[in-house]
Amino acid sequence: MFSGKKCLSLLFVLCGVLWVQAVTPFKDGDKVIFLGDSITHGGEFLYWVQAVHQLRNPGKIRLENAGISGDVASGGLARLGYDVLDKKPNRVFIMFGMNDINLSLYSKGGTAMDEKRMKPLKNYENNLNRICDRLKEAGVTAVLITPTPYNQYVNNNPSTYNEAGLAAAAEIVRKIARERGLETVEFHIPMTEVLKKQPKISPMRKDNVHPNALGHLLMAYYLCREAGLVDGRIAEVSIDAAGGKVKTANHAAVRNVKTGAGGISFEYAPERLPFIPDKQHEGIDALVPFTADLNTEFLQVSGLADGNYQLSANGAKIGVFTSDALAKGINLAVLNTPSRRQAQKVFAQIRVIRSCFARLRSVVQGDRFAKSQNADLSDPESCCKAVDQWYKSRFIDRNGSNKGYYTNVVKNYKKNKRQVPATLKQLDAAYEKLYQESHPVSYKLELKKQ
């Protein structure tokens, strides 16, 4: 029987009733590894989740990337020891499926699951169960993630590739989770609905397989929601300027309120920092209520005389608003406040962490090729020569549709393999700097009538 703290969410889908066990919130000291294929390898979503956590709940959690492009569940099982367990995580989030089902089997459409389509799905289920067994034996908590969908809806032509395979893979994930009582993150159902309802704001790349930057932020939103990070606004402050009284102060403190004919000033101390989306994230609010749920720092000032007011933070102008707009409330998260500048320091370290993992994952990817040539993985020079041999044996006499891709893989491997110790050192330093920068700041806000 499930504990009361791990509540169950009831979702209704076409196939019937689906039970999903909620994800335990991250806590200080957590080391969490995300195991998966190229969608994890690219992995922007997990870095955005790390960012949201640091902005809202400053503490020392560490979300690490263990994705490899082109991988399947059996590959994840094969590298589970050295790529996951040796790093001593307390939780592992697992997402495979896109490569496991063999998309070519669905190129002619149709929903019938014949023997050819079922065989890779059975292997997928078997290998996911074996991964879960290994983690259980090691005393590590497994969290399952349903695979992201294939975008067959982009040109209103569902027969191009049929989603039946990935839908079946997602149901296998849910089945394993139910049988084992595992926590689950649901990507497949909500992202499929987004693809159907918002074809003009696509969260997928042109290959229809990989989420784009917008798609990764969408995934981060769903994961944050499942892990309890969607728990109210950044801050919510309401002040009656006429009476000089603080009516509401949630996730913030307001002190030294001073009023006069020309406006109002006060010391403002929010407990959280704002999220700073990239330009590539435009459109997210058309897909999910991201700003409302995760990036609203609400300030309401009523009782001001009619007119326009300049808003300043520590004496620096950050905006001009009407008394009506201020009475309705404004969003400080989108303004150039000291909090936003502090958040930029957090995102600077997130970028360093992303860069370090991009290099480290290229090494793990290439190590598999070096190992196939019997290279000593502890000897970078031996590995670089071995990867060259692997590449020549594969492409020297033929081009192949993926030659360009593997040319870059080998090039990046040879560069990054030699730099692993320095990269690991840089990564540890970036996490420590991230923790140091993840703190709220206090400042003076002033509204002055123009």
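Only a predicted model underlies this, so the values are computations on that prediction, with no experimental measurement involved.

Draft legend 1. Spotlight on helix H13 (residues 380-395). End to end, H13 covers 22 Å across 16 residues, agreeing with the expected 22 Å (1.5 Å per residue, within 8%). Turning to H13, the residues buried within the fold contact helix H12 (338-372) and helix H14 (403-417).

Draft legend 2. Focus on the sheet that holds strand E16 (residues 443-449). Spatial strand order, E10-E11-E16-E13-E14: five strands in an open sheet with antiparallel pairing. With partners counted over all chains shown, the strands left at the sheet margins are strand E10 (252-260) and strand E14 (316-322), one partner each. This sheet shows a mean twist of 20 degrees between the axes of neighbouring strands, independent of strand direction. Two elements, E10 and strand E11 (residues 263-270), share seven bridges in a ladder whose sense is antiparallel. Bridged to Gly260 within E11 is Gly263.

Draft legend 3. Local environment of the sheet that holds strand E15 (residues 330-331). Reading across the sheet, the four strands line up as E9-E8-E12-E15 and stay open at both edges, with mixed pairing between neighbours. With partners counted over all chains shown, the strands left at the sheet margins are strand E9 (245-250) and E15, one partner each. Bridge count between strand E8 (residues 235-240) and E9: five bridges; the pairing is antiparallel. Across the sheet, Ser238 pairs through a bridge with Thr248, a residue of E9.

Draft legend 4. Quick look at the packing of H12 against helix H15 (residues 420-437). It is at 9 Å that the axes of H12 and H15 come closest, and there the two elements cross at 155 degrees. Looking at the two axes, H12 sits roughly antiparallel to H15. Seen from above, H12 lies across H15 with left-handed handedness. Mapping the contact onto sequence places Gln342, Lys345, Val346, Gln349, Ile350, Val352, Ile353, Cys356, Phe357, Arg359, Leu360 and Val363 in H12 and Val420, Thr423, Leu424, Gln426, Leu427, Ala430, Tyr431, Lys433, Leu434 and Glu437 in H15. Considered class by class, the residues forming the contact of H12 with H15 number 14 nonpolar, four polar and four charged.

Reading guide: rules and limits
Residues numbered from 1 in each chain as written. Predicted model: local features only at pLDDT ≥ 70, side-chain atom pairs only at ≥ 80, totals over all residues. Heavy atoms only, no water. Helix = DSSP H or I, 4+ residues; strand = E, 2+ residues; numbered from the N terminus. Expected span 1.5 Å × (residues − 1). Contact = heavy atoms within 4.5 Å. Pairing = 2+ DSSP bridges. Axes fitted to C-alpha atoms, helices over the stretch in contact; angles between N-to-C directions. Parallel < 35°, antiparallel > 145°, perpendicular 65-115°, else oblique. Left-handed = near helix turned anticlockwise from the far one by under 90°. Nonpolar A, V, L, I, M, F, W, Y, C, P; charged D, E, K, R; others polar.

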